[in-house]
Amino acid sequence: MIDSHCHIDGEQFDADRDAVVERARGAGVAAMLNVGTGDPRTDDFRRAVAVAEKYENVFASVGVHPHDAKLYDYQAEGHLIGLIRSSEKVIAWGEIGLDFYYDHSPRDVQIEVFRRQIRTAQELSLPIIVHSRDADDETVEILREEYSRVHADEGVRGPGIMHCFGGSSRMAEDLMALGFFISFAGNVTFKKAENLREAARVVPLEKLLVETDCPFLTPVPFRGKRNEPSFVVHTARFLADLYELPFQTIAEGTTSNFKRLFGVDVQATI
Ligand SMILES: [Zn+2]
Ligand SMILES: [Zn+2]
């Protein structure tokens, strides 16, 4: 299994990062994608890449989160591109997108920076990691526009991942039509998340990924505790029950989707 989206470079893991990675491996998590976030004028992204460099089968992604879109400029872009060139472990651009729930950056700036980062990722041939909250229609519209210009030839990697999926089944279908993978986090296990389970039912195994988004969104039965990559197993198990498929099928299917999307080779540990 693979945790397709985690934030283990954060200070919440400073005290026990080695043990967290070890526990994930012990639980059958073959690889993790550590998504860098923060202020592009600081060392935040360098730290995310350093964690990927340190551990085997931990990869990294860099991109400016919609919260910080107001900090994105030419210099930030150069910094991120430099980090991508500095390490083979950086395999994606993100997380990028729109967050109209918190509105930490003005919406017009979020939209402009989202488009700009999509185009840069396309130039670099990198899949993107998309974040969308309370902006589902706008997100789909932008992705449709930006990816209809690009022809997905056979063999070209998919456009990317809709991470921590929180939209409708219609949104999932629209995104899959564009070639996106749909990644579910621990919130799909929450009691009140019937709408998410409804969306999960339209996602075929070939388009499915699982993630923790740790340290946030701890799945049942650990809700309330700090989340960590080993807990992705609970989300995968939950989805296996939902799809009425063996756990092993979900684990293998999501692992091979990740490898196909990013063109990386990871040996499964289960
Ligand atoms: Zn996110
Ligand atoms: Zn995240």
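Predicted, not measured: the structure shown is a model, and the values here were computed from it. (Residues numbered from 1 in each chain as written. Chains lettered and ligands numbered in written order. Predicted model: local features only at pLDDT ≥ 70, side-chain atom pairs only at ≥ 80, totals over all residues. Heavy atoms only, no water.)

Caption draft 1: Fine view of the coordination of the zinc ion (ligand 1). Looking at the metal site, the zinc ion (ligand 1) is ligated by Glu95 (OE), His131 (ND1) and His163 (NE2), spaced 2.0 to 2.1 Å from it. Positions of the donor residues of the zinc ion (ligand 1), expressed as sequence spacing, correspond to E-x35-H-x31-H. Metal-to-metal, the separation of the zinc ion (ligand 1) and the zinc ion (ligand 2) is 3.5 Å; Glu95 coordinates the two. Separated by 68 residues along the polypeptide, Glu95 in strand β4 (residues 90–99) and His163 in the loop between β6 (160–162) and α6 (169–177) bring together distant segments of the chain. There is no split in this pair, since Glu95 and His163 are both buried. (Donors = N, O, S within 2.8 Å, 3.2 Å for Na, K, Ca; no water. Helix = DSSP H or I, 4+ residues; strand = E, 2+ residues; numbered from the N terminus. Buried < 20%, exposed > 50% of the residue type's maximum accessible area, 1.4 Å probe, protein only.)

Caption draft 2: Spotlight on the pairing of strand β1 (residues 2–6). Burial analysis of β1 places 5 of its 5 residues in the buried class, which makes it a mostly covered element. With helix α1 (residues 17–26) bridging β1 and its parallel neighbour strand β2 (residues 31–35), the resulting β-α-β unit is right-handed. (Right-handed = clockwise from strand over helix to strand, strands pointing away.)

Caption draft 3: Examining the coordination of the zinc ion (ligand 2) more closely. The protein atoms that coordinate the zinc ion (ligand 2) are His5 (NE2), His7 (NE2), Glu95 (OE) and Asp213 (OD), at distances of 2.1 to 2.4 Å. Here the zinc ion (ligand 2) is ringed by 4 donor atoms whose angles at the metal span 84 to 176°, and the overall shape comes out irregular. Considered as a linear motif, the donors of the zinc ion (ligand 2) on their single chain read H-x1-H-x87-E-x117-D. Overall, the relative accessible area of 0% leaves His5 in the buried class. The exposure class of Asp213 is buried, given its relative accessible area of 9%. (Tetrahedral: all angles 85-135°; square planar, octahedral: opposite > 155°, others 65-115°.)

Caption draft 4: The sheet that holds strand β3 (residues 58–62), seen in detail. As summarised here, the arrangement of the 8 strands in space is β1-β2-β3-β4-β5-β6-β7-β8, forming an open sheet in which the pairing is parallel. Each edge of the open sheet is held by one strand with a lone partner, namely β1 and β8 (208–210). In this sheet, neighbouring strand axes are inclined to one another by 30° on average, regardless of whether the strands run parallel or antiparallel. By the bridge criterion, 2 bridges tie β6 to strand β7 (residues 181–184) in an arrangement that is parallel. Within β7, the position partnered with Met162 by the bridge is Ile182. Of the strands in this sheet, β5 (128–133), β6 and β7 are in contact with α6, which crosses β7 at around 135°. Relative to β8, helix α9 (residues 247–262) is tilted by about 100°, and along the sheet it contacts β1, β2, β3, β4, β5, β6, β7 and β8. (Pairing = 2+ DSSP bridges. Axes fitted to C-alpha atoms, helices over the stretch in contact; angles between N-to-C directions. Contact = heavy atoms within 4.5 Å.)

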